[in-house]
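Listed below are the residues making up each chain.
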Amino acid sequence: MAMLWKHVRVLSPLLRRYLLSRPFTTTEGHRPTIVHKRSLDILHDPWFNKGTAFSMTERDRLDLRGLLPPNVMSPNLQIERFMVDLKRLEVQARDGPSDPNALAKWRILNRLHDRNETMYYKVLIANIEEYAPIVYTPTVGLVCQNYSGLFRRPRGMYFSAEDRGEMMSMVYNWPAEQVDMIVVTDGSRILGLGDLGVQGIGIAIGKLDLYVAAAGINPQRVLPVMIDVGTNNEKLLEDPLYLGLQQHRLDGDDYLAVVDEFMEAVFTRWPNVIVQFEDFQSKWALKLLQRYRSTYRMFNDDVQGTAGVAIAGLLGAVRAQGRPLIDFPKQKIVVAGAGSAGIGVLNAARKTMARMLGNNEVAFQSAKSQFWVVDAKGLITEGRENIDPDALPFARKLKEIDRQGLREGASLEEVVKQVKPDVLLGLSAVGGLFSKEVLEALKGSTSTRPAIFAMSNPTKNAECTAEEAFSILGDNIIFASGSPFSNVDLGNGHIGHCNQGNNMYLFPGIGLGTLLSGARIVSDGMLQAAAERLATYMSEEEVLNGIIFPSTSRIRDITKEVAAAVVQEAVEEDLAEGYHGMDARELQKLSEDEIREYVKNNMWSPDYPTLVYKKE
Ligand SMILES: NC(=O)c1ccc[n+]([C@@H]2O[C@H](COP(=O)([O-])OP(=O)(O)OC[C@H]3O[C@@H](n4cnc5c(N)ncnc54)[C@H](O)[C@@H]3O)[C@@H](O)[C@H]2O)c1
Ligand SMILES: O=C(O)C[C@H](O)C(=O)O
Ligand SMILES: [Mg+2]
C-alpha cells in the first residue's frame, strides 16, 4: 500500500479517488471478516452478533442453524422491531430528556449494546439527537449515580489501587489486539455530581459511544477505563452494594504511582493508542495533563475540549452581535467557576485574545483584564488568601476593582451589576447559580446581545434553564447550555434558540484527527485548529439567528471537519507520523479536500460485514 501511495499523485484522477476512498482499516467495507468462533459463542459476542439478521448461508457456515428463529430479517426490519419496544416508553414521556423514562430507555439501549454492537450504533447514529441525551449527558449522570443497581455485564477495564505491580500483565486480558481510543476516569468529579467512585465508568462508556457514533472510531477498538483509587464519597463507602474499593482515595505520590503505572501499561501494549482523561477532580486534572502531555498521546477533555468549545461559542457570540471577530478582545467576560473547566476556558480565551491583539507579551498581559472570575468564595482578587496558583493570573487587582465598586469575595450578582458584562459563563456545577437577581443584573449589560453560557452538567446543575434566561432577558440574547434544553416559545411569535455548548463537538474530532494523522502528541496548535473549525462551522445567517453551535444531528459532519483540521495542523507542525497505509510523506501531499476525504473514508459505519469462520 505504501508503495502504491508513492505513485498516487501521478495517477489518473479516477484511480486516485479510488485509492483515497479505500478504508485503511481491516474489517470494514465488503471484505469478509474472519472469526475464530462459531455457534453460541458468536451470538454472545456483541462485536460479531447480528441476531436475526444472519443470512441462511452464514447460519450454515457458522453453525448457527437452529439457534435463531427462522425468519431472516433485514437490518432495517430488525431495528424497526427494536424501536417499537423503545418507543413504547415515549408514549408516557413528559418532560424531555430528564424524564424518569430516560433511565428505562438507557436500559433498553444498554441491553442492545451488550448483545449486538453494530445494531446498537446503527440505532444511535440514526437517532443521535434523540438518544445522545440518553447515552450521554444528562442521563449518563443518573446512570453513574445508580450504577450499582444497573450493573449487569461489565464493559471496559478496571485498574485499582490493589493492582499495583500487576497492570502491565493485566492489560493483556483485554481481547482486542488493537485499541485506538481509551477514555479514562478516576470517578472523582463526574459531571457536576461530585465523587462517584467506580460508578464513574459510565461517563467513559458514554464518551466512547460518541467516539463511535460521531467520529466513526471502530467500536472493537475503544476501551473505557476506570482507575479505582477509592472514593471520598462517604455514602458509597458505607453502601454494602457499592462495586468499588471501599477505602478513601489515594493521594500524593501513591495516587500518581497508580496512574503512572496505568499509562505505562496501556502504551506498552498499544503504543499508538490515544488516552482521553475525563472527569478527574481539578486538583489532579491539570497536574496530570502537564505530567503526560509531552510524552504520551493524551489530552484532558474537561480542560482542553471544553476550552475549545467555549472559544467557539464566545466567537459565535461576537458574530451574533453583528461585530467582527477582531472585537473579541473587547468583550467583558464574567466566569463563574474556577475548576479544571473554568481555568481551561480562561487560559484559552486569554490566549485567543492575545493572538488577536498582536501575539506578544503586552497583548497577553492586557488580555487578562477582560475577565472577572467568581468561585465559591466570590470574586477572585489578589487579596485572596491561599489563592490557587492556576487562578492567580486572573485575580483582579484590589485598587482596580475598588474603582469598579467591587471587592475581594464580591457576589456574582454584584459583579454582574458593576461589570455589565457581554458574557456570563458558568462552569460552577451549581444548579440555579444564575438566579433571578443575577439575570436581572445582566439586563444592565453594555452588549447589544448579551450571551449566557450555563455550561454545567447534568441538567439539574445548569446555572440556569433556557426558560429562565429567555423569560427574564427576552429573546435578544445568546443562550447555550452544557446539557440540552428545548427551544423556548416566547409567545410573541419569537423562539428563543437553545444551543448545546458541550465538549462533544470537539473531543471526537480531536481523537479521530490525532489517530489518522498519527501525531505523536496532541499539541496546542491541534486543539486550536479544532476550536477554530468549530467556530467557523455555522453560517452567518445561523449565527445572526442565535445559532452558534450545530445541532447534534450534524455531529458526524462537524466531527469529520474538526478531525480534518486536526490532521492538517498535525501535518503542518510536523507531528504527523501517518496511519496504516498513509505514511507521513503521503499525508503531507494531500490537499485540504483530500484530507477531508481521507478522514471520511476512515470513519467506521455500522454495517454488518460478512463473517467467515477460520480455525485459530
Ligand atoms: N459543557 C461542557 O462541555 C462542560 C465541560 C466540562 C465541565 N463541565 C461542567 O463544569 C462543571 C465544573 O467542572 P470542573 O471540573 O471545573 O469542576 P470543579 O469542581 O473543579 O470546579 C467548580 C468550580 O466552581 C466553583 N464554585 C462552586 N460554587 C460556586 C458558586 N456558588 N459560585 C461561583 N463558583 C462556584 C468552585 O469554587 C470551583 O472553582 C461541572 O458541572 C461539569 O459538568 C461542562
Ligand atoms: O460530559 C459532558 O457532558 C461534558 C463534560 O465533559 C462534563 O464533564 O460535564
Ligand atoms: Mg467531563
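In this text, all values refer to a predicted model and were calculated from it rather than measured experimentally.

**Quick notes on the site of ligand 2**
Alright, step 1. Every residue near ligand 2 is listed here: Tyr136, Thr137, Arg189, Leu191, Lys207, Glu278, Asp279, Asp301, Asp302, Asn457, Asn502 and Asn503.
Alright, step 2. Between ligand 2 and the protein, one listed contact pairs an oxygen atom with a side-chain N or O atom of Glu278 at 2.9 Å.
Alright, step 3. One nitrogen or oxygen atom from the side chain of Asp279 is found 2.9 Å from an oxygen atom belonging to ligand 2.
Alright, step 4. Relative to its free-state accessible area of 260 Å², ligand 2 is covered by the protein chains to the extent of 92%.
Alright, step 5. Residues that form the shell around ligand 2 fall into these classes: two nonpolar, four polar and six charged.

**Structural notes on a positive patch on the surface**
Alright, step 1. Taken together, the side chains of Arg81, Arg107, Arg111, Arg115 and Arg152 define a basic patch exposed on the protein surface.
Alright, step 2. The greatest single-element share of the positive patch, amounting to three residues, is contributed by helix H6 (residues 101–115).
Alright, step 3. Classification of Arg111 as partly exposed rests on a relative accessible area of 46%.

**Considering the UniProt feature "domain: Malic enzyme N-terminal" (unreviewed entry) in the protein**
Alright, step 1. When the UniProt feature table is mapped onto this chain, "domain: Malic enzyme N-terminal" (unreviewed entry) is found at residues 113–293.
Alright, step 2. For the annotated span residues 113–293, helix accounts for 47% and strand for 11% of the residues, and the straight-line distance between the end C-alpha atoms is 32 Å.

**Details of the coordination of the magnesium ion (ligand 3)**
Alright, step 1. At the metal site, the magnesium ion (ligand 3) is ligated by Glu278 (OE), Asp279 (OD) and Asp302 (OD), and these contacts range over 2.0 to 2.1 Å.
Alright, step 2. Between consecutive donor residues of the magnesium ion (ligand 3), the sequence gaps follow E-D-x22-D. Linking Asp279 in the loop between strand E5 (274–277) and helix H15 (282–292) with Asp302 in helix H16 (residues 301–320), this pair joins segments that are 23 residues apart in sequence.
Alright, step 3. Judged by its relative accessible area of 1%, Asp279 falls in the buried class.
Alright, step 4. Its relative accessible area of 6% is what places Asp302 among the buried residues.

**A short note on the pairing of strand E4 (residues 222–228)**
Alright, step 1. With seven of its seven residues buried, E4 lies for the most part within the structure.
Alright, step 2. Burial along E4 is two-sided: Val222, Pro224, Met226 and Asp228 and Leu223, Val225 and Ile227, pointing in opposite directions, are all buried.
Alright, step 3. Pairing of strand E3 (residues 181–185) with E4 involves five bridges; the strand directions are parallel. Paired with Val184 across the two strands is Val225, which belongs to E4.
Alright, step 4. Viewed along the sheet, the connection from E3 through helix H12 (residues 201–215) into E4 turns out right-handed.

**Things to note about the confidence of the model for the protein**
Alright, step 1. Predicted confidence across the protein gives a mean pLDDT of 92, with 94% of residues reaching 70 or more.
Alright, step 2. In the predicted structure, residues 1–28 sits below a pLDDT of 50 and forms 51 contacts with residues beyond four places in sequence or in another chain.
Alright, step 3. Here residues 93–97 is modelled with pLDDT under 50, and outside its nearest four sequence neighbours on either side it reaches nine contacts, counting other chains as well.
Alright, step 4. Note on the complex model: pTM 0.91, ipTM 0.99.

**Focus on the environment of Asp254**
Alright, step 1. Position of Asp254 among the secondary structure elements: in helix H14 (residues 252–269).
Alright, step 2. C-alpha separation for the pair Asp254 and Asn499, spaced 245 residues apart in sequence, amounts to 42 Å.

**Structural notes on the nonpolar core**
Alright, step 1. The biggest cluster of nonpolar side chains holds 169 residues, and the ones touching the most others in it are Ile182, Phe262, Val275, Phe277, Leu425 and Phe453.
Alright, step 2. If sequence neighbours within four positions are ignored, Ile182 has contacts with Leu223, Val225, Phe262, Val266, Val273, Ile274, Val275 and Gln276.
Alright, step 3. By size, the runner-up hydrophobic cluster in this structure holds 30 residues, among which are Ala336, Trp372, Leu406 and Ala466.

**A few points about the sheet that holds strand E2 (residues 157–160)**
Alright, step 1. Taken in spatial order, the five strands line up as E2-E4-E3-E5-E6 in an open sheet, and their pairing is parallel. Because the sheet does not close on itself, it has two edges, and the strands there are E2 and strand E6 (298–300). Strand-to-strand twist in this sheet, taken as the mean axis angle between neighbours without regard to direction, amounts to 20°.
Alright, step 2. The sheet strands contacting H12 are E2, E3, E4, E5 and E6, and the helix crosses E4 at an angle near 160°.
Alright, step 3. Against the sheet, H16 makes contact with E5 and E6, and its axis sits at roughly 75° relative to E6, the strand it touches most.

**Looking at the pattern of salt bridges**
Alright, step 1. According to the stated counting rule, one finds 38 salt bridges in the structure shown.
Alright, step 2. Note that Glu400 and Arg396 form a salt bridge whose closest N and O atoms lie 2.9 Å from each other.
Alright, step 3. Its relative accessible area of 23% is what places Glu400 among the partly exposed residues.
Alright, step 4. One salt bridge connects Lys443 with Glu440, and the closest N-O pair in it is separated by 3.0 Å.
Alright, step 5. By relative accessible area, Lys443 is classed as partly exposed at 47%.
Alright, step 6. By relative accessible area, Glu440 is classed as partly exposed at 33%.

**Focus on the UniProt feature "active site" (unreviewed entry) in the protein**
Alright, step 1. Mapped onto the present numbering, the UniProt feature "active site" (unreviewed entry) falls at Tyr136 and Lys207. Of the residues just listed, which span 72 residues, no C-alpha pair is farther apart than 6.9 Å, and they cluster in one region.
Alright, step 2. The topology assignment puts Tyr136 in the loop between helix H8 (128–135) and helix H9 (139–145).
Alright, step 3. In this view, Tyr136 contacts Gly206, Lys207, Leu210, Asn502, Asn503, Met504 and Phe507; residues no more than four positions away in its chain are not counted.
Alright, step 4. Those residues in contact with Lys207 that lie beyond four places of it in its chain are Tyr136, Val183, Gln276, Glu278, Asp301, Asn503 and Phe507.
Alright, step 5. Only 2.8 Å separates the side chain of Lys207 from the side chain of Tyr136, close enough to count as a polar contact.

Conventions we followed
- Residues numbered from 1 in each chain as written.
- Chains lettered and ligands numbered in written order.
- Predicted model: local features only at pLDDT ≥ 70, side-chain atom pairs only at ≥ 80, totals over all residues.
- Heavy atoms only, no water.
- Near = heavy atom within 4 Å.
- Polar contact = N/O pair within 3.5 Å; in protein donor to acceptor, adjacent residues only side chain to side chain.
- Areas by Shrake-Rupley, 256 points an atom, 1.4 Å probe, with all protein chains shown as cover.
- Nonpolar A, V, L, I, M, F, W, Y, C, P; charged D, E, K, R; others polar.
- Patch = residues over 30% accessible without salt bridge, like charges linked within 9 Å, V, L, I, M, F, W, Y side chains within 5 Å.
- Salt bridge = Lys/Arg side-chain N within 4 Å of Asp/Glu carboxyl O.
- Lys, Arg positive; Asp, Glu negative; His and termini not counted.
- Charge placed at Lys NZ, Arg CZ, Asp CG, Glu CD.
- Helix = DSSP H or I, 4+ residues; strand = E, 2+ residues; numbered from the N terminus.
- Buried < 20%, exposed > 50% of the residue type's maximum accessible area, 1.4 Å probe, protein only.
- UniProt positions renumbered as here; feature names shortened; annotations may be inferred.
- Donors = N, O, S within 2.8 Å, 3.2 Å for Na, K, Ca; no water.
- Pairing = 2+ DSSP bridges.
- Right-handed = clockwise from strand over helix to strand, strands pointing away.
- pLDDT = per-residue confidence, 0-100.
- Contact = heavy atoms within 4.5 Å.
- Core = buried A, V, L, I, M, F, W, Y, C linked by side-chain atoms within 4.5 Å.
- Axes fitted to C-alpha atoms, helices over the stretch in contact; angles between N-to-C directions.

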